[in-house]
Amino acid sequence: MKSHPLGNDTDLMDGVPEIKEDTDPKSDNPLPQRLLQRYILHARTNIRPKLEQVDIDRLIRFYVDLRDDSAMKHESGVKIVVRHLESVVRLATSFAKMRLSPYVREDDVSRAIALFLTAFLSTLQYKRREALKKKYTSYLVLDKQHYQILSHILAAGVKEQCQLMSLKYGGYEGREVLQSVTDLRSKATEHKIYEQDVEKYFKTKAFLSHYRLINNRQDILWVRGASGEEQN
């Protein structure tokens, strides 16, 4: 979300174009400041996300591994203790609150770990930082992993439909394949990839090199040998 400081000081606002309220939930336009304040207040006051739906063992394994690495002899960085694990949990809970969600999801935990890990690595000397960055790569490249999975889902759908057309039309696989955005989101959720990541994927080169969004973003079009851009 983005906000814009709409105040009563007309001198400060001279020359600033008036920002109209945007009701499109996928819009990148700024939110009115008052609405953003109400949103934050509601999240802080009423939303209490629970950890029931996440892999606690994964979180503990991460903590134990990082604690052991930070405790190594001659290690120059911050020593990892229980309060750091609590910080990761609070970060994950905050991400869930931003969605007004009653539950913390796996992607909330993953983002919290990645954020915390990046901060921790920044306290280390270069050689040690690069070694641990390599060891913990799986925690740091969430978007890339998600995009690879989404690309695989779409490619599998293209392959399946081409095979069906080949059987139906005697070897002709066709030039175009249409897939539903709703179906992609459903399959992505099975891999714990949620809508915000799917939306980001639609803007990547990996997607635009092979697909187009059509029919008001309801369908995904693949054209053999073509690269595409988003279309309405």
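By convention here, each chain's residues receive numbers from 1 onward along its written sequence. Thresholds applied to this predicted model are a pLDDT of at least 70 for local features of residues and 80 or more for the giving and counting of side-chain atom pairs; totals over whole chains, interfaces and linings are not thresholded and use all residues. No hydrogens and no water enter the side-chain calculation; it runs on all heavy atoms of the structure.

Caption draft 1: Spotlight on the overall build of the chain. Secondary structure elements are defined from DSSP: runs of H or I of at least 4 residues count as helices, runs of E of at least 2 residues count as strands, and each element is numbered from the N terminus. From N to C terminus, the chain includes eleven helices and five strands. With 232 residues in all, the chain has 34% of them scored as buried. Whether two residues touch is decided by their heavy atoms; if any such pair falls within 4.5 Å, the residues are in contact. Partitioning the contacts of the chain with sequence separation of at least 6, the portion at a separation of at least 24 is 60%. Burial status follows relative accessibility: with a 1.4 Å probe on protein chains alone, a residue under 20% of its type maximum counts as buried, one over 50% as exposed, and anything between as partly exposed.

Caption draft 2: Structural detail: the environment of Phe120. As for its position among the elements, Phe120 is in helix α5 (residues 106-121). Exposure remark for Phe120: the relative accessible area of 4% places this residue in the buried category. With 36 residues separating them in the primary sequence, Phe120 and His84 have C-alpha atoms 10.0 Å apart. For Phe120, the contacting residues outside a window of four places in its chain are Leu66, Ser70, Val78, Ile80 and Leu132.

Caption draft 3: Highlighting the nonpolar core. The biggest cluster of nonpolar side chains holds 22 residues, and the ones touching the most others in it are Phe62, Leu66, Val109, Ile113, Leu117, Phe120 and Tyr136. Mapped onto this core, the elements with two or more residues apiece are α3 (56-70), α4 (82-98) and α5. Those residues within four positions of Tyr136 in sequence are excluded, and the remaining contacts are Phe62, Asp65, Leu66, Asp69 and Leu117. Core analysis: the second largest hydrophobic core is formed by 19 residues, Ile153, Leu154, Leu213 and Ile220 among them. Residues enter a nonpolar core if they are buried and are Ala, Val, Leu, Ile, Met, Phe, Trp, Tyr or Cys, with the set joined through side-chain atoms within 4.5 Å.

Caption draft 4: Highlighting unusual backbone geometry. Even without glycine at this site, Lys192 takes up a positive phi of about 60°. Looking at the secondary structure, you find Lys192 in the loop between α9 (181-190) and α10 (195-201). On the basis of relative accessible area, Lys192 is assigned to the partly exposed category, the value being 43%. The phi dihedral of Arg217 falls on the positive side, at around 70°, and the residue is not glycine. Looking at the element boundaries, Arg217 is found in the loop between β4 (211-214) and β5 (219-223). Residue classification places Arg217 among the partly exposed positions, given a relative accessible area of 25%.

Caption draft 5: Geometry of α5. To estimate how far a helix should reach, multiply one less than its number of residues by 1.5 Å. Compared with the 22 Å implied by 1.5 Å per residue over 16 residues, the 22 Å span of α5 between its first and last C-alpha is a close match. The element α5 is extensively covered by neighbouring structure, given that 13 of its 16 residues are classed as buried.

Caption draft 6: Looking closely at the sheet that holds β4. What the three strands build is an open sheet, ordered β3-β5-β4; its pairing is antiparallel. Strands with a single pairing partner mark the edges of an open sheet, and in this sheet they are β3 (176-180) and β4. Within this sheet the neighbouring strands show an average axis-to-axis angle of 30°, counted without direction. Criterion used throughout: strands pair if DSSP finds at least two bridges between them. Bridge count between β4 and β5: four bridges; the pairing is antiparallel. The partner of Leu213 across the bridge, within β5, is Ile220. A fitted line through C-alpha atoms serves as each axis, taken over the contacting stretch for helices, and the angle formed by two N-to-C directions is quoted from 0 to 180°. Together, β3, β4 and β5 form the strand contacts of helix α8 (residues 142-168), whose direction differs from that of β3 by roughly 125°. The strands that α9 touches are β3, β4 and β5; relative to β3, the one it contacts most, it runs at about 60°.

Caption draft 7: Looking closely at the packing of aromatic side chains. Here a Phe, Tyr or Trp ring, Trp counted by its six-membered ring, pairs with any other such ring whose centre lies within 6.5 Å, and the pair is stacked when the planes are under 30 degrees apart, edge-to-face when over 60, and tilted otherwise. A complete count under the given rule lists eight aromatic pairs for this structure. Considering the side-chain rings of Phe207 and Tyr211, the 5.5 Å spacing of their centres and the 25° angle between planes classify their relative orientation as stacked. In this pair, the class of Phe207 matches that of Tyr211, namely buried. Grouped by ring-pair contacts, the aromatic residues Tyr147, Tyr201, Phe202, Phe207 and Tyr211 constitute a single cluster. In our convention, an over-ring charge means Lys NZ or Arg CZ found within 6 Å of a ring centre and within 35 degrees of that ring's normal. The positively charged end of Arg105 is found above the aromatic ring belonging to Tyr194, 3.5 Å away from the centroid.

Caption draft 8: Up close: the pattern of salt bridges. Every case where a carboxyl oxygen of Asp or Glu lies within 4 Å of a side-chain nitrogen of Lys or Arg is listed as a salt bridge. Following the criterion strictly, the structure yields 14 salt bridges and no others. Arg67 is paired through a salt bridge with Asp68; the nearest N and O atoms lie 3.4 Å apart. The partly exposed category is assigned to Arg67, whose relative accessible area is 33%. Classification of Asp68 by relative accessible area gives partly exposed; the value is 40%. When the shortest N-O distance is used, the salt bridge between Glu130 and Lys133 registers 3.5 Å. Of this pair, Glu130 and Lys133 both sit in helix α6 (residues 126-135), three residues apart, roughly one helical turn. Judged by relative accessible area, Lys133 falls into the partly exposed class, the value being 34%. Taken together, the shared-partner salt bridges in this structure form one network comprising Arg105, Asp107, Arg111, Asp143, Asp197 and Lys200.

By themselves, these figures tell us nothing about what the structure is for.
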